[in-house]
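# Architecture at a glance
Below, each chain spelled out in residue letters.
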Protein chains: 2
Amino acid sequence: MSENKHYVYAFTAGDGKNKQLLGGKGANLCEMTQIGLRVPPGFVITTEVCLDFLANPSAGLPAKALEQIRTHMLQLEQMTGKGFGSATNPLLVSVRSGSAMSMPGMMDTILNLGLNPTTLRGLIAETKDERFSYDAYRRFIQLFGQIALGIPKEPFEELLKDAKTNAGVVSDVELTKTDLAMLTLRYLTIVKEHTGRDFPEDPYEQLLIAIQAVFNSWMGKRAVDYRHQFKITKDMANGTAVNICVMVFGNMGNDSATGVAFTRNPGTGENEFFGEYLVNAQGEDVVAGIRTPKPVAEMKLEMPAIHEQLLELRERLEKHYREVQDFEFTIEKGILYCLQTRNGKMNAQSMVRTSVEMVKEGILTREQALLRIRPEDLEQLLFPRIDPKAKVTAIAQGLPASPGAACGTIVFDADRAEAQGRLGAKIILLREETKPEDIHGFFAAQGILTSRGGKTSHAAVVARGMGKPCVTGANDIHIDMQLRKAIIGGRVLSEGDLISIDGGTGNVYLGEAPLVEGEFTDELVTLLSWADAIATLKVMANADTPQDAKRALNYGAMGIGLCRTERMFNAVDRLPLMVDMIMAESTADRAAALERLIPIQRQDFIELFTVMAPRPVTVRLLDPPIHEFLPSEIQLRNDIDNLRNLRSTAQGMEQLVDTLRLLDQGVADSAQEVVSVLAAGLHRICNNRAGERALNEKQRMLRKVREIQEVNPMLGHRGVRLGITYPEIYRMQIRAVLEATAECIKAGVKVNPEIMVPQVCTAKELEVVSAIVDAVRTEVEAAYGFKVPVKFGTMIEVVRACMRANRLAASAEFFSFGTNDLTQATFSFSREDAENKFLPFYNNNGILQDNPFEVLDIHGVGRLMKLAVEWGRGTNPDLKVGICGEQGGHPSSIRFCQYVGLNYVSCSGPRVPIARLAAAQAKLKEKEYHFE
Amino acid sequence: MSENKHYVYAFTAGDGKNKQLLGGKGANLCEMTQIGLRVPPGFVITTEVCLDFLANPSAGLPAKALEQIRTHMLQLEQMTGKGFGSATNPLLVSVRSGSAMSMPGMMDTILNLGLNPTTLRGLIAETKDERFSYDAYRRFIQLFGQIALGIPKEPFEELLKDAKTNAGVVSDVELTKTDLAMLTLRYLTIVKEHTGRDFPEDPYEQLLIAIQAVFNSWMGKRAVDYRHQFKITKDMANGTAVNICVMVFGNMGNDSATGVAFTRNPGTGENEFFGEYLVNAQGEDVVAGIRTPKPVAEMKLEMPAIHEQLLELRERLEKHYREVQDFEFTIEKGILYCLQTRNGKMNAQSMVRTSVEMVKEGILTREQALLRIRPEDLEQLLFPRIDPKAKVTAIAQGLPASPGAACGTIVFDADRAEAQGRLGAKIILLREETKPEDIHGFFAAQGILTSRGGKTSHAAVVARGMGKPCVTGANDIHIDMQLRKAIIGGRVLSEGDLISIDGGTGNVYLGEAPLVEGEFTDELVTLLSWADAIATLKVMANADTPQDAKRALNYGAMGIGLCRTERMFNAVDRLPLMVDMIMAESTADRAAALERLIPIQRQDFIELFTVMAPRPVTVRLLDPPIHEFLPSEIQLRNDIDNLRNLRSTAQGMEQLVDTLRLLDQGVADSAQEVVSVLAAGLHRICNNRAGERALNEKQRMLRKVREIQEVNPMLGHRGVRLGITYPEIYRMQIRAVLEATAECIKAGVKVNPEIMVPQVCTAKELEVVSAIVDAVRTEVEAAYGFKVPVKFGTMIEVVRACMRANRLAASAEFFSFGTNDLTQATFSFSREDAENKFLPFYNNNGILQDNPFEVLDIHGVGRLMKLAVEWGRGTNPDLKVGICGEQGGHPSSIRFCQYVGLNYVSCSGPRVPIARLAAAQAKLKEKEYHFE
């Protein structure tokens, strides 16, 4: 450090904007002082001194810093007319930590520093209040002992309790001055016992010990852990400052008081003064809850003049900071001091309301209003949730797979869920895991709970798509399908038992937890309209059905960025057609099955296009491996075994009766009564043609399942690979899109369809599908007699597609990054396996900062995207580029998308509002973006 | 085309190097003419004329071209003193196609063009040989009719047969001039019948029809298919030239002859004159096999002067072309003409021998010698193979998974294979697919045949590693393990039946096919030593055991680039230890199992290091998902069902006896004799403690298998992810490497070990493992009292590792591209699934040119590699970089590796010689490499 460097800044001199140097608290104290608010005099020791000291703690504080601290203490003496250590008119100070980010675990506040037997006399002389003075001394010894000297709290508390017992009183305030005087002596003994030294009496020694203790607390375990957990980097906060401030006392009589306040109501955002105060008390009394504070409104009657000053302070603070303030104040003998201020922490609703109102009041610009809200917090507003005030305890925890909360009775299978749903029952579908054939159960259920699978399991993805709450992978729940029971811990749950799930936290509750509904307030609508006006990134939704699309539109989606056609086949009346298509033994059989699918899919598209008109709707051709539509090998084997067992039991019983008859007609006759009835029943069920057919069908399906089963289905025969090897499937889908478009045009509906090819790795694949589109379009246009426009593009979800982006851009009018699959391929992580196995370990142990399936991995996946955008636009400068992976709804990912120049993001419907706000913020903060 | 452009070049004027313009045949005719060899006069019509013509065939040949053709025909008339169409001294020509690449399917040769009734008279007058003349005319009509007019061959053949029948003779040469004269008339009738027109008599009309027919044949289906199949691009050959050449006749008496010859023996490479000739015959007679040609050596006696000339021709051709020549010659009345020459096609052995000898003879430089051999062809020399001369027919075909051929008796399981192998039997292990527990069967078998799995299935990979022949995925073979029979087509094969497999073609033969042994000749050793001296890429081997390493060393490996430690655990005595490790319920149990593995692994490393000393040995830490070491879920379920069935059968039998006794003591007594013996036996097997334990153990294993089972194991919990979540595994392996190193140093063996981490995606993973290496090294060094050097590096097989190469290079001393996994991730293709499902379709339909698992995908995977090398070396310019995927042994991949500046390639042992030659060629052709 240079000779002229400032190690210390008076509140009158420090730069109120420089929180990194002065800490948040110190900077605000400087700022308030300099704008003329009444703050007790004081100064800040900078974070640089802290870092300097911590580099070599044994050397103590730098000499220059010590010198400047002394100089500033002298100035405080001059300003107050008091003396530090004075026996007549002693200067007392508070010592407080304060880094750029507020952080629990660092040393907090030492009050009344400077007291010792000598200055105590001075304080008594000055205040003429012995009880107050001993009380101040007692408080100082305890705080200093605990915080600066590291003595545990208990011995102090113990002695205080003893004192009250001895005095026969209940509360601290009932202790007399003598009781308190005795207590100070006992406290000093404790310090001696614990430190082996006398309590330091020299005020400067006290001050230096306190300062160093604050500095050391920066590297204390709790503070370090906190920074690690909340990812506070050195750029955000590095070292703590120390604030030295002249003491003012709220406990000097009934013209004194202390309190805390918010400039607006932090719970609702309403523009009303909100706070509490205590007359004749020190700040810690408010927090400690020994006396019940009063709402600030009461002050209007009790201390009207001060109340006026407080209202003025409120207004000046908010005008100045242009942000709701959370501040502390003390009134010492009728004089109001502001001791601290900071931005108020508020819930999402309050943030949205204050944002919009402060713009209308001229305090904020729209840009500032948009920037002050964390987009993720909007999620709170949009889903029903467990009432945060409810006293409920989770009985199990899974993964928060689809946000929102739901209550209902347990049902173990989709058929029963549907049946009960029809009767109006509220249901939670509880399964080990779900399959496409369970889809009707999803429609009927309030929420879905599974004991297996990750955030991308079937249950999770489908529930998110439908906007239904879902908790997956709740491993502690064991389901016995035969008994139709679930066991959680020791509890046995039966069908019909009531549970609640919270898809935002993954918690599962017994019984009906109270819910709070989500809201889309007028303020939110206003705020998001501002966001849309500023953002350059469009926000689309991923939606698969007309119902999804309607919901997405309500959320403000500007189009459908991803419609997964295969989802259309999951409905219970359609799945059998899909299965027929898969089981087809010949191209002709397959074509016949597809012929039956066409009208269904065309009708879906007509509805979807009509709902979204005239917005773009991007239809992705069939993507998943087809075995996803069939039962698993193990399921089929079980079914076959069961059918066979029934058959052989039936046969066995018949034989048994025959054998008995052979041996002893009498026994046989009596046995037969029972057995033959059973046998006949079984025979009827199993041994007739229907049973035969069922068994044959299962066996045929098993053969098919084995034939198409894959070692790594994620990397298997799917997407465009299916579309090329079985072109009749894509041809059917393309025909459905184009005919639906034509029907809409005929009906005067303005539509904007796009066809998108999944899993493309080479330009040739795209050319083959493009040729099918051209051929079908020619036919459809001939049939309808007018042009049927459609855009043609590709998913970019295979790494090779990024590498060949220059080629793909020659055939594609748009790219859509499928960052779910792209992330899997880039990391070589199968999401389901990773999230169930090693990814939590990786996140907890700092191998990876985030789950890359939730937060876009900028440095790996992002770098690939950047190359692909550059290379693609190199071929086709007008190439439209978007993202439709799950990360498309994540604010930090959206910032990156803005940086690399995407045209749109597409996310699940409920995340659309979040994405809209994030897109506006991304635009506003575009210039600040850094990509290494 | 410009006015002055040459459409036509005389043999005396054309550029003998410009095969693209003149075709291979035309260029060589020009070249030979110009170096003074006796070639009949002629000229070449360029490929440009061909392309011009094909652009608009209905317009006919360009006028300028026609003009130049006439000019050159006039020159031929002047040179020969004959007249085209002359009734006294007619000029006859041959018309031949010839593109830059030799290509079947294009029109070949028309001889004797220019004949018609008028010129026929002239020919008779000139040659005084009516029979010869009619014969020439007959041949011309047939060739022209077939080739230029598209008339089928059969009617001509039919008439020829009739003529011989009528004449009562057997061979053509016995036909009289009258027979032949009649035949020409009949041939002319056929032409009229088929074309509806008279046979064209105008020689110029004949010439133009022939030229256009040649041009059209370039776009004929067969030629197009051929170019497609053999990937002949326009850069390689575009259009065909036409060669017009004055006819010379080898059938003008006993001083005339025709023949073909090689300048050296193409079968052995020996430097001896090799060829055949026929006296008084035309070229087609040699090919047609009507008369048996004589070896050229006989000509020394029969026509000594000509023989002398031929020897001189041989010498001049080879000196000039610096390549073994395959040439055609004709002797017309004692004068030797050379009609065509081209580079001789030879097998690998001949190529190697001639290469080395021609260098020694001063004909070639070493560089030229190295460049003239296709590296892949060396494979022929290194493995035993089915004798190509043997008449055997394949009964089934699978994938050529590991080269070489083997014969042996079928065995269906590894235990029996081992037992029979000990008795000295030659065995082919035949299974549906193989598992690690089959490994002892591999050691015992001559070759492995599976009915399922791809080229990267367990069987394929292990067999390649061992250098054993292997055919996988032979779908036509159905195995019934219970009957111990295999069914192929209608054939039922039992254990003990003899079969042969060819791992180079995938063919399976019944019985013992005759084998030819692989050879490593002195010439090959010499050639490869030259290659090593020129190459800058080092060639390492992938080898997992000391035995593999010894073999690799024999193949010339310069080190081990990839030692897969998990392979060490596949041996039958080690697998149970590995299973114990996996089944361990606690870290302590796992550590105990690992303690037992350490000495085994250390001993392996000591042997491996000692074999390879002082060459580098790169040890890859455990990579595959651990469930690969356990049986499959379905296998375990079957085992458990079987055990349970046995138990219940035993119980059931006991109950049966009891029931019988209850009903009728007599029947029971007699039944009991049989049943009780059976029941007791079953009881003993199944119902005692051992049975109980076996069942429990299987059930415990089933639970574990279910616990660790993954949806996409390729992308699952494996490699460094296992190493980080279960650090004790890597710690054991690292300890084994370091202790083995220390032991070798102690024994005075110079070793060069490297530790390599698989599946890395982020620098932090590498740092964690690096810290383990440092910690263990400190301990080992302390224990041994000296430094234990080891290099530390990473596989680059995860796409993200490429993107983060700059970071990884900070912790890694070397990179090794694992292009098997990297290709899977780049394409999102699971290799096994792709090769069994859609990849063959993709290759056959031109979606992808090659199988990217065999030939490095330069544009996708290669581009990633290029970025990773640049970024990695940006951080660490001395970074050693290699490749250890299977493509590392493929010549075109090696060229790319040279281009991106790798330091080494590593491949399976048997591919090392191929890679050594390819590395030298890559260096020599470095400058020509183009990467788009």
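Residues numbered from 1 in each chain as written. Chains lettered and ligands numbered in written order. Predicted model: local features only at pLDDT ≥ 70, side-chain atom pairs only at ≥ 80, totals over all residues. Heavy atoms only, no water.

### Notes on the overall build of chain A
The line we're drawing: Working definition: helices are DSSP H or I runs of at least four residues, strands are E runs of at least two. Numbering for both runs from the N terminus. Note on classification: 1.4 Å probe, protein chains only; a residue is buried when its accessible area is under 20% of the maximum for its type, exposed when over 50%, partly exposed between these limits. Every residue pair with non-hydrogen atoms within 4.5 Å of one another is taken to be in contact. For the accessible areas, the method is Shrake-Rupley and the probe is 1.4 Å, while residue cover comes only from the protein chains on display.
Across its full length, chain A carries 36 helices and 31 strands. For the C-alpha atoms alone, the extent of chain A along its principal axes is close to 115 × 85 × 55 Å. When each of the 932 residues of chain A is scored for burial, the buried share is 56%. In chain A, of all internal contacts separated by at least 6 residues, the share reaching a separation of at least 24 is 69%. As presented, chain A carries roughly 38000 Å² of accessible surface, and 51% of it is formed by carbon and sulfur atoms.

### Thoughts on the relation of the copies chain B and chain A
Let me state the cut-off plainly: Least-squares fitting of one copy onto the other uses the C-alpha atoms of those residues that reach a pLDDT of at least 70 in both copies.
Expressed as a screw operation, the relation of chain B to chain A combines 0.2 Å of axial shift with a rotation of 180°, fitting to an RMSD of 0.2 Å. Both copies are brought into coincidence by an operation consistent with a two-fold rotation axis. Minimal C-alpha separation from the rotation axis in chain B is found for B:Asn712, amounting to 2.1 Å.

### Regarding the sheet that holds strand S29 (residues 814–817) of chain B
Residue and element names in this part refer to chain B. Cut-off, in case you're wondering: Criterion used throughout: strands pair if DSSP finds at least two bridges between them. Lines are fitted to the C-alpha atoms to define the axes, a helix being fitted only along its stretch in contact, and any angle between axes, read from their N-to-C directions, falls within 0 to 180 degrees.
An order of S24-S25-S26-S27-S28-S29-S30-S31 is seen for the eight strands of this closed barrel, with the pairing classed as parallel. Each adjacent strand pair in this sheet contributes to an overall mean axis angle of 30°, direction not counted. Alignment of strand S30 (residues 880–883) against strand S31 (residues 904–908), held across two bridges, turns out to be parallel. In the strand pairing of S31, Gly882 is matched with Tyr904. Set on the sheet, helix H28 (residues 763–784) makes contact with strand S27 (752–757) and strand S28 (791–796); between it and S28 the angle comes to about 150°.

### Describing the interface of chain B and chain A
Operational definition: Once two parts are brought into contact, the accessible area they lose, counted with a 1.4 Å probe and summed over both, makes up the buried area. Here, a salt bridge means any Lys or Arg side-chain nitrogen found within 4 Å of an Asp or Glu carboxyl oxygen. Nitrogen and oxygen atoms within 3.5 Å of one another constitute a polar contact, given that in protein one can donate a hydrogen and the other can accept it, and given that sequence-neighbouring residues count only through two side-chain atoms. Basically, the charged four are Asp, Glu, Lys and Arg, the nonpolar ten are Ala, Val, Leu, Ile, Met, Phe, Trp, Tyr, Cys and Pro, and anything else, Gly included, counts as polar.
Contact with chain B, which involves 60 residues of that partner, is made by 60 residues of chain A. Across the interface of chain B and chain A, roughly 5300 Å² is buried in total on both sides, 60% from carbon and sulfur atoms. Looking at the side of chain B facing chain A, the largest losses of area belong to B:Leu715, B:Arg800 and B:Ser828, adding up to 12% of the total buried there. At the junction of chain B with chain A, the criterion picks out two salt bridges. With its nearest N and O atoms 2.6 Å apart, the salt bridge here joins B:Asp857 to A:Arg800. Taken together, the links from chain B to chain A amount to 26 residue pairs in polar contact (both at pLDDT 80 or more). Counted by class, the side of chain B that touches chain A contains 27 nonpolar, 15 polar and 18 charged residues.

### Some details on the sheet that holds strand S24 (residues 538–542) of chain A
All names here are of chain A. Reading around the barrel, the eight strands line up as S24-S25-S26-S27-S28-S29-S30-S31 and close back on themselves, with parallel pairing between neighbours. Taking each pair of neighbouring strands and ignoring which way they run, the sheet shows an average axis angle of 30°. In the packing of helix H27 (residues 727–746) onto the sheet, contacts are made with strand S26 (616–620) and strand S27 (752–757), and the angle to S27 comes to roughly 170°.

### Brief notes about the pairing of strand S25 (residues 560–564) of chain A
Working note: regular strand, side chains alternate between the two faces of the sheet. All names here are of chain A. Rules: Here a crossover is taken to be right-handed if, once the strands point away from the viewer, the path from the first strand over the helix to the second is traced clockwise.
The element S25 is extensively covered by neighbouring structure, given that five of its five residues are classed as buried. Note: S24 against S25, two bridges, orientation parallel. When the sheet's bridge partners are listed, Ala541 is paired in S25 with Ile560. The handedness of the S24 to S25 crossover, carried by helix H20 (residues 546–554), is right-handed. Two strands pair when backbone bridges link them, and S25 and S26 are joined in this way by three bridges, in the parallel orientation. The partner of Ile560 across the bridge, within S26, is Val617.

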